[in-house]
Amino acid sequence: MDEISVKSEMLKQNEELVHCLQNELVDVRLKEAENSVIMSDLRTRIQELEDEKRTLRESVVDNSVAHLQVFTATRQLYYYLLHYGPPKV
């Protein structure tokens, strides 16, 4: 009889251990899923910031000498056309 109670107690402990390990596994998988969502959100945010940076870089006015020369020539042509009209051919 004593041997049966010992085996019964061991079986109960093993079942408790399995239950604890299953709970721990569920917790780990939940944390892994949460981390996966966070990583996905961060990748999306990084892509958005890179796109915004690219857009800002492309929209910055070019203050180089060549750009200013083209701007000045365009303004002069506009002024000429405004005051004298299109050239007569």
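Parameters at a glance
Residues numbered from 1 in each chain as written. Predicted model: local features only at pLDDT ≥ 70, side-chain atom pairs only at ≥ 80, totals over all residues. Heavy atoms only, no water. Helix = DSSP H or I, 4+ residues; strand = E, 2+ residues; numbered from the N terminus. Rg over C-alpha atoms; globule rule 2.2 N^0.38 Å. Buried < 20%, exposed > 50% of the residue type's maximum accessible area, 1.4 Å probe, protein only. Areas by Shrake-Rupley, 256 points an atom, 1.4 Å probe, with all protein chains shown as cover. Lys, Arg positive; Asp, Glu negative; His and termini not counted. Charge placed at Lys NZ, Arg CZ, Asp CG, Glu CD. Phe/Tyr/Trp six-rings, centres within 6.5 Å; stacked < 30°, edge-to-face > 60°. Patch = residues over 30% accessible without salt bridge, like charges linked within 9 Å, V, L, I, M, F, W, Y side chains within 5 Å. Salt bridge = Lys/Arg side-chain N within 4 Å of Asp/Glu carboxyl O.

For the rest of this paragraph, the subject is the overall build of the protein chain. A count of helical and extended segments in the protein chain gives two helices and zero strands. On C-alpha atoms alone, the protein chain measures out to a radius of gyration of 37 Å, which is more than a quarter above the 12 Å that the 2.2 N^0.38 rule sets for 89 residues. Looking at the protein chain as a whole, 1% of its 89 residues qualify as buried. When the accessible area of the protein chain is evaluated, it comes to approximately 8,800 Å², of which 61% is carbon and sulfur surface. The distance from the centre of the 11 positive side-chain charges to the centre of the 16 negative ones in the protein chain is 17 Å.

Now for the environment of Val-6. Within the element layout of this structure, Val-6 appears in helix 1 (residues 2–59). On the accessibility criterion, Val-6 (43% relative accessible area) is partly exposed. Between the C-alpha atoms of Val-6 and Gly-85, which are 79 residues apart in sequence, the distance is 110 Å.

To continue, consider the packing of aromatic side chains. Following the criterion strictly, the structure yields one aromatic pair and no others. Aromatic side chains Tyr-80 and Tyr-84 sit 5.1 Å apart centroid to centroid with 40 degrees between the ring planes, which places their arrangement in the tilted category. Taken as a pair, Tyr-80 and Tyr-84 lie in helix 2 (residues 65–84) at a separation of four residues, close to a single helical turn. Taking relative accessible area as the criterion, Tyr-84 reaches 59% and is therefore assigned exposed.

With that settled, consider a nonpolar patch on the surface. Nonpolar side chains collect at one region of the surface, where Leu-77, Tyr-80, Leu-81 and Tyr-84 lie side by side and expose about 440 Å² of accessible area between them. Relative to the assigned elements, Leu-81 resides in helix 2.

What follows covers the pattern of salt bridges. Evaluation of the coordinates by the stated rule reveals three salt bridges. Here Arg-45 and Glu-48 are joined by a salt bridge, their closest N and O atoms 3.5 Å apart. Pair noted here: Arg-45 and Glu-48 are both in helix 1, with a separation of three residues, about one helical turn. Owing to a relative accessible area of 41%, Glu-48 belongs among the partly exposed residues under this scheme. Its salt-bridge partner being Asp-51, residue Arg-54 comes within 2.9 Å of it at the nearest N-O pair. Within this pair, Arg-54 and its partner Asp-51 are both found in helix 1, separated by three residues, close to a single helical turn. A relative accessible area of 43% means that Arg-54 is categorised as partly exposed. Overall, Asp-51 belongs to the partly exposed group, its relative accessible area being 31%.

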